[in-house]
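Take a look at the letters that make up each chain.
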Amino acid sequence: MSFVARHGLWSAEQKDAALRVRRMVEEKNLEVIRLAFPDQHGILRGKTIIASEAMASLESGCSITTTMLAKDTSHRTVFPVFTSGGGFGMKEMEGAADVLMVADPTTFRVLPWAPSTGWLLCDLYFNDGRPVPFATRNLYRRVLDELGARGHDFVAGLEVEFHIFKLDDAHMRAEDAGQPGTPPSVSLLSHGYQYLTEQRFDQMEPVLEILRRDIVALGLPLRSVEVEFGPSQCEFTFQPRKGIESADNMVLFRSAVKQIARRHGYHATFMCRPKLPNVFASGWHLHQSIVSRATAENLFMARETGQPLSEFGRAWLAGLLDHARASAVFTTPTINGYKRYRSYSLAPDRAIWGSDNRGVMIRVLGGANDPATRLENRIGEPAANPYLYMASQILSGLDGVDRKLDPGPSADAPYETKAPLLPKSLRDAVGALKDDPFFREKLGTEFVDYYTHIKNAEIDRFLSEVTDWEHREYFEMF
């Protein structure tokens, strides 16, 4: 009996999908299959397997080292993996031991840009069939199950800003290698500022068309391709999808964009605010609603004329605001991302909401009897791990519903309304999560301590570096 069958890991839908995968691999003469899992940062890691071997092991899993879960954003292992418990307090994580990547057959894709290559997203399990608690896709599925037990589905639409530059120098000399290495030197594709003008779009159209073609061929539900305000900045939006699909789409989209761009001589980045002259910060706006599984009704939709949201929707909104500070480390997980929160910009700086107002954290869209009613959370950065971003939204929203919270009135002056300020730095955000009893209960102390440890390792490394600002400020003066 296979590992999957022994532990009952696949649903009927996944079993059917596995049959289709085997058929497609044969019909399309695929030569290799990439098995990937999203790590703690939402970055895909995995192995490339010869197609025949991948199909032979589809139900038995593929081993991968647990150190993948121990790395910060420089890919440094920041846990003492060769000590008792491996720094995780778990025997299974000691000594860089292996866990199993088990493919989710419903995620199968043929990669348009890589010849004869298939792709499967995987989940991580210990050898006894238990989900690895530090794997964020597993965590998000658990949160979705909690929502599903109430008869609800989470619907999310993606609105993602990022930059595409011409790659001038990849800095591939040996001395440029490091953790991290020297970033590439780039130049602009457009000057920017002419937001949504056809002229600027046409300047970037050659690379945008390359991306559009492959993203559509990949089967992602692309809705629009736009030029954003800043130089070489663009935005892709995606149609709403239920459950885990939107999170899976986000990790695949980011990875695909970077791979496709690089193959054509470009550098794409989802870093929030690159340190380049005149370049603007990018955000990831998450559109969300809740629908009933029984009736498919949008539970945020108001029935009463003049009301933007139902009572359920208002309570969900209030939960997002109430937990905004503690969940910020999930929506904005990098040191760089907090440089986007500026007053009188198109980014929020405090936990408030407003009806169709782009200065607030939560923009409410829709109205009475409008089935497209939704909340647009504008807090996120495009580098966020989508499984943690979306999990934090569901948990916060449900808590608002359970406690019947009231979000208060709409903020018409978003940068003057008195409200809790969002964290000013990643250190503030980590502290807010670490001290928060709600997320400790919902995500588990084990996971919160794990995640904050990784983030603190990044912060400590940042604080040990001498910055350009310090050198300018003190080198001559003292």
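From a predicted model like this one, the values you see are computed outputs, not experimental measurements.

Enquirer: In this structure, what is going on with the overall build of the protein? I would like to understand it.
Expert: Within the protein, the regular secondary structure consists of 13 helices and 15 strands. Whereas a compact globule of 478 residues would reach a radius of gyration of roughly 23 Å, the protein reaches 22 Å, a difference of no more than 12%. Projected onto the principal axes, the alpha-carbon positions of the protein cover approximately 65 × 60 × 50 Å. Buried positions account for 55% of the 478 residues belonging to the protein.

Enquirer: Would you mind going over the pairing of strand β3 (residues 62–65) with me for this structure?
Expert: The side chains of a regular strand alternate, first on one face of the sheet and then on the other. A one-sided burial pattern is seen for β3, the buried positions being C62 and I64 and the unburied ones S63 and T65. By the bridge criterion, four bridges tie β3 to strand β4 (residues 98–103) in an arrangement that is antiparallel. Bridging from a neighbouring strand, C62 pairs with M101 of β4.

Enquirer: Explanation requested: the packing of helix α6 (residues 245–263) against helix α9 (residues 386–402) in the structure shown.
Expert: In a pair of packed helices, the angle between the axes and the distance between the axes together describe the arrangement. The N-to-C vectors of α6 and α9 enclose an angle of 150 degrees; their axes lie 9 Å apart at closest approach. The angle between the axes of α6 and α9 places the two elements in the roughly antiparallel class. The hand of the α6/α9 crossing is right-handed. Contacts between α6 and α9 involve S246, A247, D248, M250, V251 and R254 from the first element and P386, Y387 and M390 from the second. Partitioning the contact of α6 with α9 into residue classes produces six nonpolar, one polar and two charged.

Enquirer: Got a minute to help me understand the packing of aromatic side chains in this structure?
Expert: What characterises a pair of aromatic rings is the spacing of the ring centres plus the angle enclosed by the ring planes. Under the defined criterion, the tally for this structure stands at 27 aromatic pairs. Taken together, a centroid distance of 6.0 Å and an interplanar angle of 40 degrees make the contact between Y474 and F478 tilted. Among the residues examined, F478 registers a relative accessible area of 70% and is labelled exposed.

Enquirer: Would you take a moment to explain the nonpolar core for this structure?
Expert: If you look at the biggest cluster of nonpolar residues, it comprises 137 residues, and the most contacted ones within it are I33, Y140, F154, I164, F253 and W316. Those residues in contact with F253, other than ones at most four positions away along the chain, are V160, F162, I215, L220, F236, F238 and F270.

Enquirer: Explain a nonpolar patch on the surface to me, please; I cannot follow it from the model alone.
Expert: Where nonpolar side chains cluster on the molecular surface, the patch consists of Y193, Y195, L196, F229 and F280 and spans about 470 Å² of accessible area. Looking at where Y195 falls in the secondary structure, it is placed in the loop between β8 (185–187) and α5 (198–217). The class for Y195 is partly exposed, based on a relative accessible area of 42%.

Enquirer: Before we go on, may I ask you to explain α6 in this structure?
Expert: At 3.6 residues per turn, the α-helix brings residues three or four places apart onto the same side. Compared with the 27 Å implied by 1.5 Å per residue over 19 residues, the 27 Å span of α6 between its first and last C-alpha is a close match. Most of α6 sits out of view: 14 of its 19 residues are buried. Downstream of α6 by a residue or two, G265 has a phi angle that is positive, lying close to 85 degrees.

Enquirer: Would you mind going over the pattern of salt bridges with me for this structure?
Expert: Pairing of side chains with opposite charge becomes possible as their charged atoms draw close. For the coordinates displayed, the defined rule picks out 31 salt bridges. Between R314 and D406 there is a salt bridge, with the nearest N and O atoms lying 2.8 Å from each other. Residue R314 is found in helix α7 (residues 311–322), and its partner D406 is found in the loop between α9 and α10 (426–434); the two are separated by 92 residues along the sequence. Judged by its relative accessible area of 18%, R314 falls in the buried class.

Enquirer: What am I meant to see in the environment of Q203 here?
Expert: Relative to the helices and strands, Q203 is located in helix α5. Each C-alpha atom, one on Q203 and one on V227, is 9.7 Å from the other, the two residues being 24 residues apart in sequence. Setting aside chain neighbours within four positions, we find Q203 in contact with L189 and S190. Within the local environment of Q203, its side chain forms a polar contact with the side chain of R200, the two groups lying 2.7 Å apart.

About the cut-offs
- Residues numbered from 1 in each chain as written.
- Predicted model: local features only at pLDDT ≥ 70, side-chain atom pairs only at ≥ 80, totals over all residues.
- Heavy atoms only, no water.
- Helix = DSSP H or I, 4+ residues; strand = E, 2+ residues; numbered from the N terminus.
- Rg over C-alpha atoms; globule rule 2.2 N^0.38 Å.
- Buried < 20%, exposed > 50% of the residue type's maximum accessible area, 1.4 Å probe, protein only.
- Pairing = 2+ DSSP bridges.
- Axes fitted to C-alpha atoms, helices over the stretch in contact; angles between N-to-C directions.
- Parallel < 35°, antiparallel > 145°, perpendicular 65-115°, else oblique.
- Left-handed = near helix turned anticlockwise from the far one by under 90°.
- Contact = heavy atoms within 4.5 Å.
- Nonpolar A, V, L, I, M, F, W, Y, C, P; charged D, E, K, R; others polar.
- Phe/Tyr/Trp six-rings, centres within 6.5 Å; stacked < 30°, edge-to-face > 60°.
- Core = buried A, V, L, I, M, F, W, Y, C linked by side-chain atoms within 4.5 Å.
- Patch = residues over 30% accessible without salt bridge, like charges linked within 9 Å, V, L, I, M, F, W, Y side chains within 5 Å.
- Areas by Shrake-Rupley, 256 points an atom, 1.4 Å probe, with all protein chains shown as cover.
- Salt bridge = Lys/Arg side-chain N within 4 Å of Asp/Glu carboxyl O.
- Expected span 1.5 Å × (residues − 1).
- Polar contact = N/O pair within 3.5 Å; in protein donor to acceptor, adjacent residues only side chain to side chain.

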